[in-house]
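# Residue-level structure breakdown
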Amino acid sequence: MKVRFKVNGVEREIEVEPYELLADVLRERLGLKALKKGCWRGECGLCTILMDGEPVKSCIILAVEADGSEIYTVEGFSEDGRPSPLQESFIRNAGLQCGFCTPGFIVVGEYLARKPRISKEEVKYALSGTICRCTGYKQIVDAVLEAHQEYRKE
Amino acid sequence: MSSPYATLPEFEYARPSTLEEALKLLAKYGEEAKVLAGGVGLITFMLERLVSPRIVIDIKKIPELRRIEYTEGKGLVLGAAARISEITRYMDSNPRVREKYRALYEALSRIADLQIRNRATIGGNICEALPFMDSYAPLALFDAKLRIASVEGERETTITDFVKGPGFLDLAPNELLVSIELPDPPRESRSGFSKIVPAIEYSVASVAMLVANPVDPRSREVRIAVSAATPAPIRVREAEEVFRREGDIVDLLDAALDRMTSAIKELVIEDPYASAEYRLEMLKVQAYILFKRLLDSFLQERG
């Protein structure tokens, strides 16, 4: 089946089988290797992408379901190869250790940090669908809140 | 890509744009078809080879199935493929509707996590047919009517008649859950939802409660629905009846909870997640806390 979607701002058209998962198509066919599959069953959140502006887990979505949608992976947030303000904030706050979960957290983090208003409690609750086994989350929450302040200035 | 559970079994895919088309496909393929709404259940079940349909019918592009609409006097209508996050967002932008169906709002806004709520649908939550599905207790509380369709016609049922037990629905292979209709709750009512979730797993005891006109014995109404602790959702009418007796509503609570215990204790699940004794105790504790919370909200309003 033919699937047309916009990935990180670029129109793409690709032939897929109905049983191909969106995460696999983005990673293996479109080469977006920052996207990780951790649990393969919609629990860990590492494969999170923005689909039409909302964070979703791409390992439990069929590629054919993404037809006509607009997708952002972690690769889509940097500008001219420079890290986004949120990515800078993750570095400053040490919001990562091994880095495996980071692509998932950056995507959810961009979604949260760019909201007009968000509280610490809301950030913590919203991040509960993404799992990090190293940091203990405090640094990640701090990084998102600090980036939120910066995005608000823009 | 050769890891077990990494890829899906092969299947055909159909994306009907009308209900009629979807029903024709279901009539044609019957048990060989599976309906895809949000996919959070179906796709994980297929990854684990619990189901291997010949054809997957994606119902998300059928506008009728995406409806979210409140009409004064008629109530709230939810298309089966309405996403959980779309429903809570609709309620957030219509606070009066959110307060009318508060127990449903509280249950839906705490399903799984942010990413899952952006995909999961109300119909998918209902049709997954596991005891802990979060929509069950509130739908029983609000006397939800489920509209089921097939090429042969339509019928209406209730959540407690529809969900028979784990993995068991009153749904023929050619039938589709189309919409869920929640009639207007009693005027001036308050409702809430509570669940006990050990670690990050699923609820072992869920309670939804509604209180209306607490001070007037003739018009007051208390509704209690439970799920997760029992194989299927239950409206505990035996306990609700206690509140029709004379006397102060607060003094009737203990008797009502005793009636709840005797009405459902034979049905409570005992498994490695939680003992039947614990589940029953948690139902009572949560019912008690909800009751106090709802009564307090009436008092606060009176100032």
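Residues numbered from 1 in each chain as written. Chains lettered and ligands numbered in written order. Predicted model: local features only at pLDDT ≥ 70, side-chain atom pairs only at ≥ 80, totals over all residues. Heavy atoms only, no water.

In this section: the overall build of chain B. Secondary structure summary: chain B contains 12 helices and 14 strands in total. Over its C-alpha trace chain B gives a radius of gyration of 20 Å, about what one expects of a compact globule, namely 19 Å for 303 residues. Along the first, second and third principal axes, the C-alpha atoms of chain B reach 60 × 45 × 35 Å. Considering chain B as a whole, with its 303 residues, one finds that 56% of them fall into the buried category. Within chain B, residue pairs in contact and separated by at least 24 positions form 61% of the contacts whose partners lie at least 6 positions apart. (Helix = DSSP H or I, 4+ residues; strand = E, 2+ residues; numbered from the N terminus. Rg over C-alpha atoms; globule rule 2.2 N^0.38 Å. Buried < 20%, exposed > 50% of the residue type's maximum accessible area, 1.4 Å probe, protein only. Contact = heavy atoms within 4.5 Å.)

Our next topic: the packing of helix α3 (residues 102-113) of chain A against helix α5 (residues 138-153) of chain A. Residues and elements named next belong to chain A. Interhelical geometry of α3 versus α5 gives an angle of 40 degrees and a closest axis separation of 9 Å. Regarding the angle of α3 to α5, the classification is oblique. Crossing handedness for the pair α3 and α5: right-handed. Contact residues: α3 offers F105, G109, E110, L112 and A113, while α5 offers I140, V144, A147, H148 and Y151. Classifying every residue of the contact of α3 with α5 gives 7 nonpolar, 2 polar and 1 charged. (Axes fitted to C-alpha atoms, helices over the stretch in contact; angles between N-to-C directions. Parallel < 35°, antiparallel > 145°, perpendicular 65-115°, else oblique. Left-handed = near helix turned anticlockwise from the far one by under 90°. Nonpolar A, V, L, I, M, F, W, Y, C, P; charged D, E, K, R; others polar.)

This part takes up the domain arrangement of chain B. All names here are of chain B. Looking at chain B, the domain boundaries give domain 1 (12-58), domain 2 (63-182) and domain 3 (189-302). Just the C-alpha atoms count here: the centres of domain 2 and domain 3 sit 21 Å apart. The partner domain 3 presents 24 residues to the 24 residues of domain 2 that form the contact. Run the count over domain 2 and domain 3 and you get 5 salt bridges. (Domains from an automatic or database assignment. Salt bridge = Lys/Arg side-chain N within 4 Å of Asp/Glu carboxyl O.)

Residue and element names in this part refer to chain B. Residues D248, D251, D254 and D258 make up a contiguous surface patch of negative charge. Mapped onto the secondary structure, D258 falls in helix α11 (residues 249-264). Judged by relative accessible area, D258 falls into the exposed class, the value being 52%. (Patch = residues over 30% accessible without salt bridge, like charges linked within 9 Å, V, L, I, M, F, W, Y side chains within 5 Å. Areas by Shrake-Rupley, 256 points an atom, 1.4 Å probe, with all protein chains shown as cover. Lys, Arg positive; Asp, Glu negative; His and termini not counted. Charge placed at Lys NZ, Arg CZ, Asp CG, Glu CD.)

So, about the side chain of E106(B). All names here are of chain B. Its place among the elements puts E106 in helix α5 (residues 102-108). Overall, the relative accessible area of 11% leaves E106 in the buried class. Separated by 2.9 Å, the side chain of E106 and the backbone nitrogen of F193 make a polar contact. At 2.6 Å, the side chain of E106 forms a polar contact with the side chain of R293. Setting aside residues no more than four positions away along its own chain, E106 makes contact with S191, G192, F193 and R293. (Polar contact = N/O pair within 3.5 Å; in protein donor to acceptor, adjacent residues only side chain to side chain.)

Another aspect to go through is the interface of chain A and chain B. How big an interface is tends to be expressed through the accessible area that disappears when the partners come together. Taken residue by residue, the interface counts 32 residues in chain A and 32 residues in chain B. The junction of chain A with chain B conceals about 2600 Å² of combined surface from both sides, 60% of it contributed by carbon and sulfur atoms. In this structure, the connection of chain A to chain B is made through 6 salt bridges. In this structure, the salt-bridge partner of D67(A) is R15(B), at a minimum N-O distance of 3.1 Å. Applying the counting rule to chain A against chain B returns 13 residue pairs in polar contact (both at pLDDT 80 or more). Those elements that place two or more of their residues in the side of chain A that touches chain B are α1 (22-29), β3 (48-51), β4 (54-57), α3 and α4 (120-126) of chain A. Looking at the side of chain A that touches chain B element by element, the count peaks at 4 residues for β4(A). Among the residues forming the side of chain A that touches chain B, the class breakdown is 17 nonpolar, 6 polar and 9 charged. (Buried area = accessible area lost by both parts, 1.4 Å probe.)

With that out of the way, let us pick up the side chain of T48(A). Along the chain, T48(A) falls in strand β3. A polar atom in the side chain of T48(A) sits 2.6 Å from the backbone oxygen of G45(A). At a separation of 3.0 Å, a polar atom in the side chain of T48(A) contacts the side chain of Q115(B). Aside from chain neighbours lying at most four places away, what touches T48(A) is P55(A), V56(A), K57(A), G104(A), V107(A), V108(A) and Q115(B).

Residues and elements named next belong to chain A. With mixed pairing, the 5 strands of this open sheet are ordered in space as β2-β1-β5-β3-β4. Of all the strands in the sheet, just β2 (10-15) and β4 have a single pairing partner and so form its edges. Shown here is a sheet whose adjacent strand axes are inclined to one another by a mean of 40 degrees, direction ignored. Sheet topology places strand β1 (residues 2-7) next to β2; 6 bridges connect them, and they run antiparallel. Directly across from V7, in β2, lies its bridge partner V10. (Pairing = 2+ DSSP bridges.)

Quick look at the pairing of strand β2 (residues 33-36) of chain B now. Within a regular strand, the side chains alternate between the two sheet faces. Residue and element names in this part refer to chain B. Relative to strand β3 (residues 55-58), β2 runs parallel, the two being bridged by 4 bridges. Bridged to L36 within β3 is D58. Note on the crossover from β2 through helix α2 (residues 42-47) to β3: the handedness is right-handed. (Right-handed = clockwise from strand over helix to strand, strands pointing away.)

So, about the sheet that holds strand β1 (residues 12-14) of chain B. Residues and elements named next belong to chain B. Read from one edge to the other, the open sheet built from 3 strands follows the order β1-β3-β2, with strand pairing classed as parallel. Looking at strand neighbours, the two that pair on one side only are β1 and β2, the edges of this open sheet. The sheet shows a mean angle of 25 degrees between the axes of neighbouring strands, direction not considered.

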